[in-house]
Amino acid sequence: MGVWELLLVGVVIVLGLCGVLVPGVPGSWLVWAAVLWWALTDPQPVAWGVLVGATGVLLLSLAVRWALPPRRLRQSGATPRMGAYAGAGALLGFVLLPVLGALPGFMAGIYLHERLRLGRHGEALAGLRTVMRSGGSSVLAELFACLVIAGAWVGAVLWG
């Protein structure tokens, strides 16, 4: 697979990661479709292993999201800007503390948004709790699964 094709797969994965944070966009399925496209055009054992792993991770995240309460983020006051802060925090955490850093990074992004908006520590923590209870945990589960898949794809492309 050429560099331009790999770059295009990477762009679709990034669009899928952004799509997780936008309501109504099937972000996790975009990430999976990009990995499927890569595995079909570059049929190597590593590519097929990443595809099987991505499928398992997405099915597991679906099961986890079904067990969580339904998303009601609009009622909690979540805005697209808050989603951007949460996504940037998760990505930064994922890079700084590989894989597990996405969890505190996501919550730190929401906390930072609420702290800048409300100005006080206690109110920001209450806002973080409200967002996580009203669907933020579901978004976090889906985003974490997509970040794991994206990390596996990058690792397979660089070292596979």
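Cut-off values and rules
- The residue numbers shown here count from 1 along each chain, following its written sequence.
- Totals for whole chains, interfaces and linings use every residue, but because this is a predicted model, local features are given only for residues with pLDDT of at least 70 and side-chain atom pairs only at 80 or more, for both listing and counting.
- The basis for every side-chain value is the complete set of heavy atoms in the structure, and neither hydrogens nor water enter the calculation.
- To qualify as a nonpolar core, a set must consist of buried Ala, Val, Leu, Ile, Met, Phe, Trp, Tyr and Cys residues joined through side-chain atoms within 4.5 Å.
- We call a residue buried when its accessible area falls under 20% of the maximum for its residue type, exposed when it is over 50%, and partly exposed in between, using a 1.4 Å probe and counting protein chains only.
- The helix and strand labels rest on DSSP assignments: H or I over at least four residues marks a helix, E over at least two residues marks a strand, and numbering proceeds from the N terminus.
- The contact definition used throughout considers only heavy atoms, calling two residues in contact when any of these lie within 4.5 Å.
- Multiplying one less than the number of residues by 1.5 Å gives the expected span of a helix.
- In this description, the arc belongs to the directions extending from the helix axis to the C-beta atoms.
- Patch rule: a residue counts if its relative accessible area is over 30% and it has no salt bridge; like charges are joined within 9 Å, and nonpolar side chains (Val, Leu, Ile, Met, Phe, Trp, Tyr) within 5 Å.
- A 1.4 Å probe and the Shrake-Rupley method give the accessible areas. Residues count as covered only by the protein chains that appear here.
- Just to be clear on terms, a salt bridge is a Lys or Arg side-chain nitrogen sitting within 4 Å of an Asp or Glu carboxyl oxygen.
- Here the axes come from fitting lines to C-alpha atoms, over the contacting stretch only for helices, and the angles between their N-to-C directions go from 0 to 180 degrees.
- Should an angle fall under 35 degrees it is called roughly parallel, over 145 degrees roughly antiparallel, and 65 to 115 degrees roughly perpendicular, with every other angle called oblique.
- Put simply, a crossing is left-handed when the front helix is turned counterclockwise from the back one by less than a right angle, and right-handed when it is turned clockwise.
- Charged residues are taken to be Asp, Glu, Lys and Arg, nonpolar residues to be Ala, Val, Leu, Ile, Met, Phe, Trp, Tyr, Cys and Pro, and polar residues to be all remaining types, Gly included.

The name that an unreviewed UniProt entry assigns to the chain is DUF456 family protein, with the source organism given as Streptomyces broussonetiae.

Engineer: Would you mind showing me how to read the nonpolar core here?
Structural biologist: What tends to happen in soluble globular proteins is that the nonpolar side chains get buried as a cluster. The biggest cluster of nonpolar side chains holds 34 residues, and the ones touching the most others in it are I13, V35, W38, F106 and I110. Of all the secondary-structure elements, those providing two or more residues to this core are α1 (3-21), α2 (27-41), α3 (45-67), α5 (80-96), α6 (102-118) and α7 (121-159). With 12 residues, α7 is the single largest residue contributor to this core. When neighbours within four sequence positions are excluded, I13 is seen to be in contact with V31, A34, V35, A150 and W153.

Engineer: For this particular structure, what's the right way to read α5?
Structural biologist: Side chains three or four residues apart in an α-helix point the same way, a direct result of the helix having 3.6 residues per turn. With 17 residues, α5 extends 24 Å between its outermost C-alpha atoms, agreeing within 8% with the 24 Å of an ideal straight helix rising 1.5 Å per residue. Turning to α5, its buried residues are M82, G83, A86, G87, G89, A90, G93 and F94. Projection of α5 onto a plane perpendicular to its axis shows the buried side chains occupying an angular sector of 160°, all on one side. In this structure, α5 carries P80, R81, L92, V95 and L96 as exposed residues pointing more than 90 degrees from its buried face. Here the buried face of α5 lies against α1, α6 and α7.

Engineer: Before we go on, may I ask you to explain a nonpolar patch on the surface in this structure?
Structural biologist: Where nonpolar side chains cluster on the molecular surface, the patch consists of M1, W4, L7, L8, V11, L15, V22, V25, L30 and W37 and spans about 910 Å² of accessible area. Looking at the nonpolar patch, the elements with two or more residues in it are α1 and α2. Ranked by residues supplied to the nonpolar patch, first place goes to α1 with 5 residues.

Engineer: Looking at this model, I keep getting lost on the packing of α2 against α7. Mind explaining?
Structural biologist: The description of two packed helices rests on the angle between their axes and on the distance between the axes. Two numbers describe how α2 lies on α7: the axes approach to 9 Å, and their chain directions differ by 20°. When the axis of α2 is compared with that of α7, the two are roughly parallel. Every pair of crossing elements has a handedness; the one defined by α2 and α7 is left-handed. Along the contact surface, α2 presents G27, S28, V31, V35 and W38, while α7 presents E142, C146, I149, W153, A156 and V157. Classifying every residue of the contact of α2 with α7 gives 8 nonpolar, 2 polar and 1 charged.

Engineer: So what exactly am I meant to see when it comes to the pattern of salt bridges here?
Structural biologist: Between side chains of opposite charge, pairing is possible as soon as their charged atoms come close. Inspection of the entire model under this criterion finds 2 salt bridges. A salt bridge links E142 to R65, with the shortest nitrogen-to-oxygen separation between them at 3.0 Å. On the criterion of sequence distance, the pair formed by E142 in helix α7 and R65 in helix α3 is long-range, its members being 77 residues apart. Residue R65 is classed as buried on the basis of its relative accessible area of 15%. Of the charged contacts in the structure, one is a salt bridge between E114 and R117, with a shortest N-O distance of 2.9 Å. With E114 and R117 both in helix α6, this residue pair falls 3 residues apart, about one helical turn. Owing to a relative accessible area of 2%, E114 belongs among the buried residues under this scheme.

Engineer: Help me understand the packing of α5 against α6 in this model?
Structural biologist: The interhelical angle for the contact between α5 and α6, taken along N-to-C directions, is 145°, at an axis separation of 6 Å. Crossing angle aside, the handedness with which α5 passes α6 is right-handed. Here R81, M82, Y85, A86, G89, A90, G93 and F94 of α5 lie close against α6, whose contacting residues are A102, G105, F106, G109, I110, L112, H113, E114 and L116. Residue composition of the contact of α5 with α6, by class: 10 nonpolar, 5 polar and 2 charged.

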